[in-house]
Protein chains: 2
Amino acid sequence: MTTRTVEDLLNIGQAARSAARQVARLSSGVKNQTLHNLASLLESDNEALLQANADDCAEARANGLSEAMIDRLLLTPDRLRGTAEEQRKVASLPDPVGEAMEMATLPNGMVAGRRRIPLGVIASIYESRPNVTVDIFGLCFKSGNSCILRGGKEALRSNSELVRLIRRALTGAGAPEGAVQFVDNPDRNLVDAMLKMRQYIDLVVPRGGEGLVRFVGENATMPAVTGGVGVCHTYVDRAADLDMAANVTLNAKVRRPTICNALDTLLVHSAVAADGLPRIAAGLAASGVELHCDSRALSILGPGAGINAQPAQEEDWGREFLSLTAAVKVVDTMDEALEHIETYGSGHSEAIITEDYSAAMRFLDEVDAAAVYVNASTQFTDGAQFGLGAEVGISTQKMHARGPMGLRELTSYKWVIMGNGQVRP
Amino acid sequence: MTTRTVEDLLNIGQAARSAARQVARLSSGVKNQTLHNLASLLESDNEALLQANADDCAEARANGLSEAMIDRLLLTPDRLRGTAEEQRKVASLPDPVGEAMEMATLPNGMVAGRRRIPLGVIASIYESRPNVTVDIFGLCFKSGNSCILRGGKEALRSNSELVRLIRRALTGAGAPEGAVQFVDNPDRNLVDAMLKMRQYIDLVVPRGGEGLVRFVGENATMPAVTGGVGVCHTYVDRAADLDMAANVTLNAKVRRPTICNALDTLLVHSAVAADGLPRIAAGLAASGVELHCDSRALSILGPGAGINAQPAQEEDWGREFLSLTAAVKVVDTMDEALEHIETYGSGHSEAIITEDYSAAMRFLDEVDAAAVYVNASTQFTDGAQFGLGAEVGISTQKMHARGPMGLRELTSYKWVIMGNGQVRP
């Protein structure tokens, strides 16, 4: 361990700040070479890493962690190949740094516009998955930022080895090793101290459960990405194609039920509930989904149809299930659906299924969320799916960036003005 | 007075939130008509306003406020014409709301992209100038936001009348009166309460001195625009055209010495100091500028040349003078200048005067500020000058928006996705 005290942490902050100045000016070539080096190391120089990971997993098992948790922790040669491929993909994305925006010659002859620049130092606090270490580094580095990583205590050995590989990749490409900083001490007090290091950290990105995200949001003195919590609704309108509704709803819930863009609450218009709800529910039930229904939905689905339907409790509305459970409610109007979404949604991903043009347009206009869908699965909310290549996370705030945050969303800009002696009248 | 308690303030917040939903969907036509109505009322229905302002000014005089303060408070028919013209100009600017960004058809046939939307509710806390009431309202409203205004206590009567005119302008155009909310109670405790109303306020914009800006930045629970404080340097490089240096420096300092983009510290390369500094200082001195010089600058400017040059104190570096005073320092290298700017600058506006291409490029690359200039006056940092039409303020932060904040900078976006049944593989 090298990080023992708050003073060590301040030194890490200072080193990250100092490296940030260098990283901001690296050529795309050096940055891409670093990511390619890292990909190769992950694939072909991973013995120490896999051993460290085996030790982490053994300790987790000894400590009684669930098999699901251990699976999140586990690295395999195959998973490392996937992580390496991600880095090659990030290398292939356009470099956002230096992009000139709205550059124009003003009437007085000055050339002025915005130039995209890195944010500086990005800190990330995350939980058990060690691949996040590589993912966050890759995106921060390609966008010209240095980063401070603080992973979960269960993955400490794995993360230490991953950071060692990242450092080798950096020096191998002639990039400053300081571009990655690692807090190799799971002491929670150091997280508190980190969140006060406003002078060294420009943005903090929490990656993990609702508790972590909320803690960071409430305690960070620097800007933080608020997000990652998705209470997602799909509203089946009276004018829905009910086969499409069944198909899209099924995908939104069961493709991956544990991610933030998965369906939580299904809202069905009363005009199509008697016909549509049993068809939708049949598919969900066949995939093992448990439905928490309001009284009208329950009376339609009834007992005995082989559907696991139970009465919803008040706390089911606005709940992020992250499992094979969904709430179901029948509404009488689109207004009621919109109001339910506004009351209970978390501003992440919301969808309407309809063939009615005006209903579709109104939903797009009025729903206030990072991603608003017509006739598609909310599971598409993802940086790669939206063409950003990759993402550090999904923002549900309105400032700076909303929705998936890719390379550009990790940048700022400055105005540059090139004159030849202009003075302001 | 209608705002008496924190509960009243919460009602104001709720009303602003509710109005925001309506304002977000107003047509450009209705918004522009409102601003034109307001401009006409300011010019031709201003008796009550001018009387209220006369009462404010009389009370300020009785309370012993300085003439400079009273001048900031004063409204005249001529000043109102200027404010009205500003509103007509904002009306003529393109409406940012609804702009589609990077909208594209994805490989699976979904049409997806970002749509620009208003932020929601913008609160502004400002000091004595009553015209800020109109300026902030106009920009927030045109960008589809509702606003909560809390002006200085000296301008309470004037601001109340202005808000009355704004409400008439709104209802006259068929827009919701609730789009403007006014805190008509100067109690400081209500400001504290306002800064905690995160559920109702999406962004707070402080407009005023350093103390106010810092207070809001430190106490707001919602995002705040950090900025308005400008410690601005102009660096005269060894390769500068010295006539240009004298001319640009003079403009940067004396055109308007009391604004945030005015020059505070002049840095001069030692290779040209003996020749250049007296020429630059002569112009400044002729305009009444007092120079606080480091020892080398002082020895060059010497006594007896008719220049008001005094020894600089340590606190002169990094000081925002807002008056006819400037600090002067001789540096031996461009590195020294860059380091001085990094140490003492506030990230607002910084300039280099040089004919050396590499020095110019390096300055643009390495200086981390909202606006970085080559061979031009820092006084250009302004929304209208940069082609934004107008501004609510100048941000020195890196998140969300940097530099002048115009209409677009008061917006966010949401992803809209139009499918026909797509599910994610």
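Further remarks concern the overall build of chain A. Scanning chain A from terminus to terminus reveals 14 helices and 16 strands. Compactness check: chain A gives a C-alpha radius of gyration of 24 Å against a globular reference of 22 Å for 425 residues, within 12% of the reference. By its C-alpha atoms, chain A is 70 × 70 × 35 Å across when sized along the principal axes. The contacts of chain A with a sequence gap of at least 6 include a subset with a gap of at least 24, amounting to 73%. Summed over its atoms, the accessible surface of chain A is roughly 16000 Å², and 49% of this surface lies on carbon and sulfur atoms. In chain A, 41 positive and 52 negative side-chain charges are present, and the distance between their average locations comes to 8 Å.

Attention now moves to the environment of B:I136. All names here are of chain B. Tracing the chain through its elements places I136 in helix α6 (residues 131–142). Residue classification places I136 among the buried residues on the basis of a relative accessible area of 1%. Measuring from C-alpha to C-alpha, the distance between I136 and A401 comes to 17 Å, with 265 residues separating the pair along the chain. Not counting the four nearest positions on each side in its chain, I136 is found in contact with S124, L149, R207 and V392.

Residues and elements named next belong to chain B. Along the polypeptide, E320 turns up in the loop between β10 (309–311) and β11 (325–331). No salt bridge forms around the buried E320; measuring N to O, its nearest opposite-charge neighbour R214 is 9.1 Å away. Side-chain polar atoms of E320 contact the backbone nitrogen of G230, separated by 3.0 Å. Those residues in contact with E320, other than ones at most four positions away along the chain, are G228, V229, G230, V231, C260 and D264.

All names here are of chain A. Under the criterion given, the structure shown has four aromatic pairs over all chains. It is R188 that lies over the ring of F215; its NZ or CZ is 4.7 Å from the centre. Lying over the aromatic face of W317, K329 brings its terminal NZ or CZ to 5.6 Å of the ring centre.

One copy of the chain maps onto the second through a rotation about an axis and a displacement along it. In the superposition of chain A on chain B (RMSD 0.1 Å, axial shift 0.0 Å), the rotation amounts to 180°. Such a combination of rotation and displacement between the chain copies is what one expects of a two-fold axis. Ranked by how close their C-alpha atoms come to the rotation axis, the residues of chain A are headed by A:H400, at 1.8 Å.

How big an interface is tends to be reported as the loss of accessible area on association of its parts. Chain A puts 65 residues into the contact, and the matching count from chain B is 65 residues. Across the chain A/chain B interface, buried area totals approximately 5600 Å², and carbon plus sulfur atoms make up 52% of it. Among the residues chain A hides against chain B, the three largest losses belong to A:M399, A:W415 and A:R424. Together they make up 16% of the total. Viewed at the interface, chain B and chain A are joined by 10 salt bridges. In this structure, A:E366 and B:R25 form a salt bridge, with 3.9 Å as the shortest nitrogen-oxygen distance. For the pair chain A and chain B, the interface holds 45 residue pairs in polar contact (both at pLDDT 80 or more). Those elements giving two or more residues to the side of chain A that touches chain B turn out to be β2 (111–118), α10 (242–254), α14 (357–366), β13 (371–376), β15 (403–405) and β16 (411–422) of chain A. Top element by residues in the side of chain A that touches chain B is β16(A). It accounts for 11 residues. Here the side of chain A that touches chain B is composed, by residue class, of 32 nonpolar, 15 polar and 18 charged. Alignment of β16(A) against strand β13 (residues 371–376) of chain B, held across five bridges, turns out to be parallel. Counted as the bridge partner of A:Q422 is B:A376 from β13(B).

Turning next to the packing of helix α13 (residues 334–344) of chain A against α14(A). Geometry of a packed helix pair, given as the angle between the helix axes and the separation of the axes. All names here are of chain A. Interaxial distance between α13 and α14 falls to 11 Å at its minimum, and their mutual angle equals 25°. Considering their axes alone, α13 and α14 lie roughly parallel with respect to each other. The crossing of α13 and α14 is right-handed. Where α13 abuts α14, its residues M334, D335, L338 and I341 lie against A359, R362, F363 and E366. Grouping the amino acids of the contact of α13 with α14 by side-chain chemistry returns five nonpolar, no polar and three charged.

Right, let's talk about unusual backbone geometry for a bit. For A:H400, which is not glycine, the phi torsion reads 70° and is therefore positive. Structurally, A:H400 is set in the loop between β14 (393–395) and β15. Given the relative accessible area of 17%, A:H400 is considered buried. A positive phi angle is found at B:L322, which is not glycine, with a value near 55°. Considering the arrangement of structural elements, one finds B:L322 in the loop between β10 and β11.

What follows concerns the sheet that holds strand β9 (residues 290–293) of chain A. The sheet built from 10 strands is open, its strands ordered β10(A)-β9(A)-β11(A)-β8(A)-β7(A)-β12(A)-β13(A)-β16(B)-β2(B)-β1(B) with mixed pairing. Looking at strand neighbours, the two that pair on one side only are β10 (309–311) of chain A together with β1 (100–105) of chain B, the edges of this open sheet. Each strand axis lies, on average, 25° off the axis of its neighbour in the sheet, ignoring direction. Where β9(A) and β10(A) come together, three bridges link them in parallel fashion. Looking across to β10(A), one finds that A:L291 is bridged to A:A309.

All names here are of chain B. With their axes 10 Å apart at the nearest point, α6 and helix α7 (residues 156–172) run at an angle of 30° to one another. With respect to each other, α6 and α7 are oriented roughly parallel. The element α6 and its partner α7 pack so that their crossing is right-handed. Contact residues: α6 offers T133, V134, F137 and F141, while α7 offers N159, L162, V163, I166 and L170.

Moving on to helix α10 (residues 242–254) of chain B. Helix length check: α10(B), at 13 residues, gives a terminal C-alpha distance of 18 Å against a target of 18 Å (1.5 Å per residue), a fit within 8%. One side-chain oxygen of the residue at the start of α10(B) lies 3.0 Å from the amide nitrogen of B:D243, identifying that residue as B:D241.

Take the pattern of salt bridges next. Under the definition given, this model contains 58 salt bridges over all chains. In this structure, the salt-bridge partner of A:D95 is A:K31, at a minimum N-O distance of 2.9 Å. One end of the pair, A:D95, is in the loop between α5 (77–92) and β1 (100–105); the other, A:K31, is in helix α2 (residues 28–44), and 64 residues separate them in sequence. It is possible to trace a salt-bridge network through shared partners that takes in A:E99, A:R116, A:R408, A:E409, B:E102 and B:R114.

Residues and elements named next belong to chain A. Strand order in the open sheet formed by four strands is β5-β4-β3-β6, with parallel pairing between adjacent strands. Every interior strand has two partners, whereas the edge strands, β5 (180–182) and β6 (203–207), have only one. Sheet twist, expressed as the mean angle between neighbouring strand axes with direction ignored, is 20°. Of the strands in this sheet, β3 (121–126), β4 (146–150) and β5 touch helix α1 (residues 6–23), which is tilted by about 150° from β4. Strands in contact with helix α7 (residues 156–172) are β3 and β5; relative to β5, the strand with the most contacts, it is inclined by about 160°.

Glancing now at the confidence of the model for chain A. With 99% of its residues at a pLDDT of at least 70, chain A reaches an overall mean of 95. Confidence metrics for the complex model read pTM 0.93 and ipTM 0.93.

All names here are of chain B. Among the seven residues that make up strand β8 (residues 263–269), seven are buried, leaving the element largely enclosed by the rest of the structure. Here strand β7 (residues 232–236) pairs with β8 via five bridges, running parallel. Within β8, the position partnered with H233 by the bridge is T265. The β-α-β motif built from β7, the intervening α10 and the parallel element β8 has right-handed crossover chirality. As paired strands, β8 and β11 are joined by five bridges and run parallel to one another. Within the sheet, the bridge partner assigned to T265 lies in β11 and is A327.

Residue and element names in this part refer to chain B. Turning to helix α9 (residues 210–219), its buried residues are L212, V213 and V216. The buried residues of α9 occupy an angular sector of 100° when projected down its axis, which confines them to one face. At its buried positions, α9 is contacted by β3 (121–126) and β6 (203–207).

Scoring rules and cut-offs
- Residues numbered from 1 in each chain as written.
- Chains lettered and ligands numbered in written order.
- Predicted model: local features only at pLDDT ≥ 70, side-chain atom pairs only at ≥ 80, totals over all residues.
- Heavy atoms only, no water.
- Helix = DSSP H or I, 4+ residues; strand = E, 2+ residues; numbered from the N terminus.
- Rg over C-alpha atoms; globule rule 2.2 N^0.38 Å.
- Contact = heavy atoms within 4.5 Å.
- Areas by Shrake-Rupley, 256 points an atom, 1.4 Å probe, with all protein chains shown as cover.
- Lys, Arg positive; Asp, Glu negative; His and termini not counted.
- Charge placed at Lys NZ, Arg CZ, Asp CG, Glu CD.
- Buried < 20%, exposed > 50% of the residue type's maximum accessible area, 1.4 Å probe, protein only.
- Salt bridge = Lys/Arg side-chain N within 4 Å of Asp/Glu carboxyl O.
- Polar contact = N/O pair within 3.5 Å; in protein donor to acceptor, adjacent residues only side chain to side chain.
- Phe/Tyr/Trp six-rings, centres within 6.5 Å; stacked < 30°, edge-to-face > 60°.
- Lys NZ or Arg CZ within 6 Å of the ring centre and 35° of its normal.
- Least-squares fit on C-alpha atoms with pLDDT ≥ 70 in both.
- Buried area = accessible area lost by both parts, 1.4 Å probe.
- Nonpolar A, V, L, I, M, F, W, Y, C, P; charged D, E, K, R; others polar.
- Pairing = 2+ DSSP bridges.
- Axes fitted to C-alpha atoms, helices over the stretch in contact; angles between N-to-C directions.
- Parallel < 35°, antiparallel > 145°, perpendicular 65-115°, else oblique.
- Left-handed = near helix turned anticlockwise from the far one by under 90°.
- Expected span 1.5 Å × (residues − 1).
- pLDDT = per-residue confidence, 0-100.
- Right-handed = clockwise from strand over helix to strand, strands pointing away.
- Arc of directions from axis to C-beta.

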